[in-house]
Amino acid sequence: MKAMILAAGRGQRMAPLTDHCPKPLLPLAGKPLIVHHIEKLVAAGITELVINHAWLGNMLETQLQDGQQWGATIRYSAEAVALETAGGVRQALPLLGDQPFLLINGDVWTDWDYQEAVRISSSGVLDDGTLAWLWLTDNPLHNPAGDFSLDGTEVAAEAGDQGLTFTGISLIHPDLLAGIPLGKQALAPILRQAMARKQIKGCLLNGCWTDVGTPQRLVELEQQLTRETF
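Residues numbered from 1 in each chain as written. Predicted model: local features only at pLDDT ≥ 70, side-chain atom pairs only at ≥ 80, totals over all residues. Heavy atoms only, no water.

A. Up close: helix α1 (residues 33-43). Where α1 is concerned, the buried positions are L33, I34, V35, H36, H37, I38 and L41. Residue G45 follows α1 closely and has a positive phi angle near 85°. (Buried < 20%, exposed > 50% of the residue type's maximum accessible area, 1.4 Å probe, protein only. Helix = DSSP H or I, 4+ residues; strand = E, 2+ residues; numbered from the N terminus.)

Set out below in structure tokens:
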């Protein structure tokens, strides 16, 4: 199974930290945020990686290179202008192939074991017309209403009173995006359309998770990881 890490965003909420550094390269506990993902993916046996980039993307390629230092093989999908989530994945589909792949937002952190994604993929859950498997979590303070709801393994577009937050970690079948035109496009509306057709499933993420979206959250996560180290 391949994985794609989304790394093309400008990271405006992280300014001024991201004025001269792409958000995925911001340091966290002694290494760039994106390296936490790379190491965990390789530990789970997922070594074929695709990374998209736009803002300061040359810095990502220069620092990460071909990924061999972590035992990975990295291929890049460069975007002249950031294409948003769906657009970025759509452009990268030729690099990802025709099998389900793991998609990860590059600006989140988790201690979750990516081996679970391998297990879910191997179970054939995306072989029955299901187009994506999403991992959800309890709502953080900055997203109190949540994004979606979960009924068993079926994900619904209306969060309601049982709303949960999408972690930005998902298994995606290429068919979810293969039919959309190339260009700038968000993933959420496409997921919601598929939810209406009952083609999206998911479960709760079994682990800690943080959306590293602001300098304050980055500092708080750094402090948390430092306390756990000592």
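B. Here's a closer look at unusual backbone geometry. Of note, the bond from A15 into P16 is cis; its omega dihedral lies within 30 degrees of zero at 5°. Within the secondary structure layout, P16 lies in the loop between β1 (2-6) and β2 (27-28). One non-glycine residue with positive phi stands out, namely A29, at about 50°. By secondary structure assignment, the location of A29 is in the loop between β2 and β3 (31-32). Here A29 falls in the partly exposed class, since its relative accessible area comes to 36%. With phi around 60°, K198 is a residue other than glycine that occupies positive phi space. Along the chain, K198 falls in the loop between α6 (188-196) and β12 (200-204). On the basis of relative accessible area, K198 is assigned to the exposed category, the value being 56%.

C. Just the environment of R75, in detail. Along the chain, R75 turns up in strand β5 (residues 73-78). Residues R75 and T62 lie 13 residues apart in sequence; the distance between their C-alpha atoms is 13 Å. Once residues within four sequence positions are removed from consideration, R75 is found in contact with L49, V50, I51 and L95. (Contact = heavy atoms within 4.5 Å.)

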